[in-house]
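Spelled out, the chains give:
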Amino acid sequence: MAIFWLSVVMFLGLMIPMCYFAWRYRYKPGRVTPHQTHSTVMEVTWTVIPLLLCVGLFFWGIIGYMQFAVGPGESMEIQVTAKQWLWQFEFPDGTRAVNELHVPVNKSIHLVMTSEDVLHDFYIPDMRVKRDIVPGRYTEYWFTPETIGKHVSTCAEYCGKGHSDMKATVFVDTPKDFAIWMETGGDEWMHHTPEEWGRIQYEQKGCQSCHNVDGTRSKGPTWKGIYGKPVKLNNGTSVMVDEAYLRESMMQPSAKVVDGFENIMPTFQGLLRENEIRGLVAYIKSLQ
Ligand code: CUA
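Given the structure is predicted, the values throughout are model-derived calculations rather than measurements. (Residues numbered from 1 in each chain as written. Predicted model: local features only at pLDDT ≥ 70, side-chain atom pairs only at ≥ 80, totals over all residues. Heavy atoms only, no water.)

Trainee: How would you sum up the packing of aromatic side chains? Please name residues and give values.
Mentor: Any pair of aromatic rings gets described here by the distance separating the centres and the angle formed by the planes. Taken as a whole and judged by the stated rule, the model has 14 aromatic pairs. An angle of 40 degrees between the planes, with centres 6.1 Å apart, marks the rings of Phe21 and Tyr25 as tilted. We classify Phe21 as partly exposed; its relative accessible area is 44%. Geometrically, the ring pair formed by Phe89 and Phe122 is edge-to-face, given 6.0 Å between the ring centres and 65 degrees between the ring planes. Of the two residues, Phe89 is situated in strand β2 (residues 86-90) and Phe122 in strand β6 (residues 120-124); the sequence distance between them amounts to 33 residues. Here the two residues Phe89 and Phe122 agree in accessibility, since each one is buried. Site record: aromatic cluster; members linked through ring pairs are Tyr20, Phe21, Trp23 and Tyr25. In this arrangement the basic side chain of Lys130 is found over the ring face of Tyr123, its NZ or CZ atom lying 5.6 Å from the centre. For Arg217, the ring lying beneath its charged end belongs to Phe261, and the centroid distance is 4.1 Å. (Phe/Tyr/Trp six-rings, centres within 6.5 Å; stacked < 30°, edge-to-face > 60°. Buried < 20%, exposed > 50% of the residue type's maximum accessible area, 1.4 Å probe, protein only. Helix = DSSP H or I, 4+ residues; strand = E, 2+ residues; numbered from the N terminus. Lys NZ or Arg CZ within 6 Å of the ring centre and 35° of its normal.)

Trainee: Help me get a handle on the domain arrangement of the chain, residues and values and all.
Mentor: On domain assignment, one finds that the chain holds domain 1 (76-185) and domain 2 (189-286). Placing a centre on the C-alpha atoms of domain 1 and another on those of domain 2 gives a separation of 24 Å. Taken together, the 17 residues of domain 1 in the interface contact 13 residues of domain 2. Carbon and sulfur atoms make up 51% of the surface buried where domain 1 meets domain 2, a total of about 1400 Å² over both sides. Summed over the shared surface of domain 1 and domain 2, the number is one salt bridge. When the shortest N-O distance is used, the salt bridge between Glu100 and Lys205 registers 3.1 Å. If you look at where domain 1 meets domain 2, you find three residue pairs in polar contact (both at pLDDT 80 or more). (Domains from an automatic or database assignment. Contact = heavy atoms within 4.5 Å. Buried area = accessible area lost by both parts, 1.4 Å probe. Salt bridge = Lys/Arg side-chain N within 4 Å of Asp/Glu carboxyl O. Polar contact = N/O pair within 3.5 Å; in protein donor to acceptor, adjacent residues only side chain to side chain.)

Trainee: Please give an account of the sheet that holds strand β3 (residues 96-98) that cites residues and values.
Mentor: The five strands lie next to each other as β3-β2-β1-β5-β8, forming an open sheet whose pairing is mixed. On the outer flanks of this sheet lie β3 and β8 (139-143), each paired with one strand and no other. Neighbour to neighbour, the strand axes of the sheet diverge by 25 degrees on average, direction disregarded. With three bridges joining them, β2 and β3 adopt antiparallel strand pairing. Counterpart to Glu90 in the pairing with β3 is Arg96. (Pairing = 2+ DSSP bridges. Axes fitted to C-alpha atoms, helices over the stretch in contact; angles between N-to-C directions.)

Trainee: An account of the sheet that holds strand β7 (residues 129-133) is needed here, citing residue identities and associated values.
Mentor: Spatial ordering of the open sheet is given by β4-β10-β9-β6-β7, a layout of five strands whose pairing is mixed. Looking along the sheet, the strands with just one partner apiece sit at the ends: β4 (100-104) and β7. Neighbour-to-neighbour, the strand axes of the sheet open up by a mean angle of 20 degrees, direction not taken into account. Here two bridges tie β6 to strand β9 (residues 149-155), and the two strands are oriented antiparallel to one another.

Trainee: Let's hear about the environment of Glu74: which residues, and what values?
Mentor: Mapped onto the fold, Glu74 is located in the loop between α2 (40-69) and β1 (76-83). Assessed through its relative accessible area of 56%, Glu74 is described here as exposed. Sequence separation between Glu74 and Leu101 is 27 residues; the distance between their C-alpha atoms is 19 Å.

Trainee: Can you lay out the packing of helix α5 (residues 243-251) against helix α6 (residues 274-286) for me, pointing to particular residues and giving the numbers?
Mentor: Their axes nearest at 10 Å, the elements α5 and α6 cross at an angle of 125 degrees. In terms of axis orientation, α5 runs oblique to α6. Here α5 and α6 pass one another in a crossing that is right-handed. Residues Glu243, Leu246, Arg247, Met250 and Met251 of α5 touch α6, and the partners they reach there are Glu274, Ile277, Leu280, Val281 and Ile284. Across the contact of α5 with α6, the residue classes break down as seven nonpolar, no polar and three charged. (Parallel < 35°, antiparallel > 145°, perpendicular 65-115°, else oblique. Left-handed = near helix turned anticlockwise from the far one by under 90°. Nonpolar A, V, L, I, M, F, W, Y, C, P; charged D, E, K, R; others polar.)

Following this line, the structure appears as structure tokens:
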């Protein structure tokens, strides 16, 4: 508002005299043009006053910018790694999660973010959180979640084919629920059958951005009707699609790449809990 009112004063201070002078010194036959065209006093005045105003605004503004840019010292630091096309979050105790950011309510969160490939942008619309993520450098952001519940987060920088699927869910938990989640990863999986839990993971962990379940090919092979059958690999051999192969393909996707597909899948080593792997395998099994 200070800048707004300052602008109003400056605008009127320029426009009113301009109109007045245009009228006052308008052309009239016989009117003599004044000889003096330079006034050092006026030039110094209209240079120094705006300069002081701008310097004042700069120092005033930088206080607000520092508050915005530098999180409070007691914040919880969470490492964010963006890659085509998922979000990986790492907590201070080493707990990691994919596309699922749990934070305790009313606690300042400090995000330290980087990308493994291209430009991404971490965006939580509900919390006015939005910042670019740049490969080869760290960008930071901080916020304090105040509303318990689920919030949507998405990528706000076009990053290739899977950009529109690059989503995460932000869970703002009570301190108790957050502690339980840190300890166990939550007990939600117990309330679902393994197939159902696998289908939830399929959407939550971003599998659906590359794997279809309707038999059509996407960036990766479909999951429909593959379990229990041999599949041809890009090295000419083939392998039986069983539990061990599926597990290996999540942990070391480059080990056995299906014929006709690129080796683009990121590793999920350390990113999936046992119940999630079992759920995903059960889900693939059920897609006959
Ligand atoms: Cu990542 Cu768009």
